[in-house]
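One-letter residues, chain by chain:
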Amino acid sequence: MTAGSGVLIDAESLHRLLEGDPALVVLDVRWALGDPEGRAHHAAAHIPGAVYVDLETELSGPPGAGRGRHPLPDLSALQAAARSWGICAGSRVVAYDDVGCLSAARAWWLLRWAGLASVQLLDGGLGAWRRAGYETESGAGAQLAAPGDVTLAPGALPVLDAGQTAALARVGLLLDARAPERFRGDFEPVDPRGGHVPGAVSAPTAANLRPDGTFADAAELARRFAALGAERAAAIGVYCGSGITATHEIAALAIAGFDAALYPGSWSEWVSDPARPVAVGPD
């Protein structure tokens, strides 16, 4: 990935593409922790022609011991899903949600990791689309005349395992994208232990966004990550609770001009092994 290049598209530009780009595929990735009704939200209203993508079953593999809550999907399963969304070798893909791209970023990262070059996030998501005055449609969404033919290959973006994550925290910059209270260990609503990977730096994903759910501009994001040590770091890694919102942080870093690796298993995988150390408190 070339840092900072083409991560975002605005609503006006997407609207123009919908009118004239037959290779465009729009993915609706509405999901939020505690809200399993993404498909119903899609059926109620979505960007015309958008295909619903299930984060739990299509953008994640089955959870299991030592794998975390949202492990990366098997490549063959991801390829089959991408073809079912209509993605072909030359497709241009735009992903969106209604939570500031916090879930859509998972689709963006996975497809970039799997070799697709033209994948973007709709800045501001469905809210930005509606604020621009564009129409939505209801129902099941796009019905494909034929499935796509894309062939995916892993490795276009870097990933870390638990050992590499621990090492990077010592020699580089490891960012924890969760809320500060989860980082400190004050409150852990999902995983069995609170705290953070020793050496990690708190960098809550929410700080990447403006109040309207759009990303802060590149200069502001660059200042944010520079203050956290990105300019001095030999390497940057990111994790979150289960590997979802960390991809949003990687998108923000790319906008700011920094490349970063994802620890897919994230905190949910880290604490599955009681032998791994846990730090609590502030940085």
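In this report, the structure presented in the accompanying data block is examined. Bear in mind the structure is a predicted one, so any value in this text is a computation, not a measurement.

### Describing the environment of E56
Then comes step 1: Looking at where E56 falls in the secondary structure, it is placed in the loop between β3 (51-52) and α3 (75-84).
Then comes step 2: Given the relative accessible area of 39%, E56 is considered partly exposed.
Then comes step 3: Remark: the alpha-carbon pair of E56 and H70, spanning 14 residues in sequence, is separated by 7.3 Å.
Then comes step 4: When neighbours within four sequence positions are excluded, E56 is seen to be in contact with W31 and H70.
Then comes step 5: Among the polar contacts made by the side chain of E56, one reaches the side chain of W31 at a distance of 3.0 Å.

### A few points about the sheet that holds strand β1 (residues 8-9)
Then comes step 1: With parallel pairing, five strands are arranged side by side in an open sheet as β1-β5-β4-β2-β3. Each of the sheet's edge strands pairs with one partner strand only, and the pair in question is β1 and β3.
Then comes step 2: Direction of pairing for β1 relative to strand β5 (residues 119-122): parallel, over a ladder of two bridges. What sits directly across from L8, in β5, is L121.
Then comes step 3: The sheet contacts of helix α4 (residues 104-113) involve β2 (24-28), β4 (92-96) and β5, and relative to β5 the element is tilted by about 170°.

### Remarks on the pattern of salt bridges
Then comes step 1: This model, assessed by the stated rule, comprises nine salt bridges.
Then comes step 2: Residue D191 pairs with R69 through a salt bridge whose shortest N-O separation is 2.9 Å. Residue D191 is located in the loop between α7 (180-184) and β7 (201-202), and its partner R69 is located in the loop between β3 and α3; the two are separated by 122 residues in the primary sequence.
Then comes step 3: Residues participating in the shared-partner salt-bridge network are R69, D176, R178, R182, E188 and D191.

The rules behind these values
- Residues numbered from 1 in each chain as written.
- Predicted model: local features only at pLDDT ≥ 70, side-chain atom pairs only at ≥ 80, totals over all residues.
- Heavy atoms only, no water.
- Helix = DSSP H or I, 4+ residues; strand = E, 2+ residues; numbered from the N terminus.
- Buried < 20%, exposed > 50% of the residue type's maximum accessible area, 1.4 Å probe, protein only.
- Contact = heavy atoms within 4.5 Å.
- Polar contact = N/O pair within 3.5 Å; in protein donor to acceptor, adjacent residues only side chain to side chain.
- Pairing = 2+ DSSP bridges.
- Axes fitted to C-alpha atoms, helices over the stretch in contact; angles between N-to-C directions.
- Salt bridge = Lys/Arg side-chain N within 4 Å of Asp/Glu carboxyl O.

Note that all results are geometric; they support no functional claim without further evidence.
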